[in-house]
Amino acid sequence: MAEQSNPTTSRRRHHRRHRRNSRKRKLRNGVLIATIAVGILTVLGLKLIGRGKGHQAEIVQRSYPVRVISVVDGDTFLGLDDGGDTLTYNVYSIEAPEIEQPQGYEARKYLYNMILQRRVEVTPKGGRTPQGVRVIATTRDNDDVADLMLRSGFAWYRNDTVNELRYIRSERFAQEEGVGIWASPDHVAPWEWRKRHVEK
C-alpha cells in the first residue's frame, strides 16, 4: 500500500522552495542594480574626462591661501602661496579700469589698501589667461573681493562670465550712488578702451 503524503510536510517543503527562490530573485536583482550603477558611473566618468584637461583642473582644484605681495591694478595681484610659488591672479567676474584710464589708479589703490601684505583665500575659477589665474578671492574677514570692488564703484561686472545676483546688486548700488567710475557719465569700459587704444 502506497504511503500517503503528509499535507503538513508538503506545505513545509513548498515554503522552503519558495524562500529559496525568493532569495535567488533578490540576489539576481541586487547584482542587476549593482551592474547598472557601475555602468552609470562609468559613463559619467568618461563624460568628465571628455570635457578636457581645463575642466578637470577646475573640478579638482580647491581654495588655498596666498599672501598678496603686489597689486598690479584694480583686479590683478601677485600672491605667494605656502609652497613658495608666486603667481599672478585675476579677480574673477570683474574688470577694473586700466591704470591709464580715469579712476584706474584709484581702483588699484582701493584694492591695494584692501589686500596688500594680507592673506586672502583664492579659489581657481575660469582657468588661466595671459594675465594670470582667474580666482574668486576672499579676504580674511570672509569678504568677497569682487563684490567689494563693484560696490565701491571701482570695477565693472562681467556678466558674460557668471550670473551672480549679488554682483548685479552691488554694481547697481554703485551706479545709483554715483561713486568711482560711475561718478562720470563719460566712463568707458576697459575692454572698449583697449580696443580704441589698439586701433590708435
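Residues numbered from 1 in each chain as written. Predicted model: local features only at pLDDT ≥ 70, side-chain atom pairs only at ≥ 80, totals over all residues. Heavy atoms only, no water.

A. Local environment of the packing of aromatic side chains. The final tally for this structure, using the stated rule, is 5 aromatic pairs. Looking at Arg151, its charged tip hangs above the ring of Phe173, at a distance of 4.0 Å from the centre. If you follow Arg158 out to its NZ or CZ, it ends over the ring of Trp191, 4.1 Å from the centre. (Phe/Tyr/Trp six-rings, centres within 6.5 Å; stacked < 30°, edge-to-face > 60°. Lys NZ or Arg CZ within 6 Å of the ring centre and 35° of its normal.)

B. Representation of helix α4 (residues 145-152) within the structure. Most of α4 is tucked away: 6 of the 8 residues are buried. Buried residues of α4: Val145, Ala146, Asp147, Met149, Leu150 and Ser152, and no others. Its buried side turned inward, α4 meets β3 (86-91), β4 (94-95), α3 (104-115), β6 (132-138), β7 (156-157) and α5 (165-177). Phi for Gly153, located one or two positions after α4, is positive at around 85°. (Buried < 20%, exposed > 50% of the residue type's maximum accessible area, 1.4 Å probe, protein only. Helix = DSSP H or I, 4+ residues; strand = E, 2+ residues; numbered from the N terminus. Contact = heavy atoms within 4.5 Å.)

C. Quick look at the pattern of salt bridges. What the rule picks out here adds up to 7 salt bridges. Between Arg194 and Glu95 there is a salt bridge, with its nearest N and O atoms 3.0 Å apart. Taken together, the residues span a long stretch of sequence, with Arg194 in helix α6 (residues 190-199) and Glu95 in strand β4 at a distance of 99 residues. For Arg194, a relative accessible area of 31% translates into the label partly exposed. Residue Arg166 pairs with Asp144 through a salt bridge whose shortest N-O separation is 2.9 Å. (Salt bridge = Lys/Arg side-chain N within 4 Å of Asp/Glu carboxyl O.)

D. Expanded view of the nonpolar core. Phe77, Ile115, Val145 and Met149 are the most contacted members of the largest nonpolar core, which totals 26 residues. Those elements that provide at least two residues to this core are β1 (64-73), β3, α3, β5 (119-129), β6 and α4. Among the nonpolar cores identified, the runner-up in size contains 5 residues, and Trp156, Ile181, Trp182 and Ala189 belong to it. (Core = buried A, V, L, I, M, F, W, Y, C linked by side-chain atoms within 4.5 Å.)

E. Geometry of the sheet that holds β5. The 5 strands are arranged β1-β2-β3-β6-β5 in a closed barrel whose pairing can be described as mixed. Pairwise comparison of adjacent strand axes, ignoring direction, gives a mean angle of 50° for this sheet. Both β1 and strand β2 (residues 76-81) contribute to a ladder of 6 bridges, which runs antiparallel. Within β2, the position partnered with Val66 by the bridge is Asp81. (Pairing = 2+ DSSP bridges. Axes fitted to C-alpha atoms, helices over the stretch in contact; angles between N-to-C directions.)

F. Inspection of the environment of Ala137 at higher detail. Summarising the element assignment, Ala137 is placed in strand β6. C-alpha separation for the pair Ala137 and Asp147, spaced 10 residues apart in sequence, amounts to 9.8 Å. Non-local contacts of Ala137, meaning those with residues more than four positions away in its chain, are made with Phe77, Glu121, Asp143, Asp144 and Val145.

G. Quick peek at unusual backbone geometry. Its identity as a non-glycine residue notwithstanding, Gln103 has a phi of 75°, on the positive side. Relative to the elements of secondary structure, Gln103 occurs in the loop between β4 and α3. Positive phi values are uncommon outside glycine, yet Gln117 reaches one of about 60°. Along the chain, Gln117 falls in the loop between α3 and β5.

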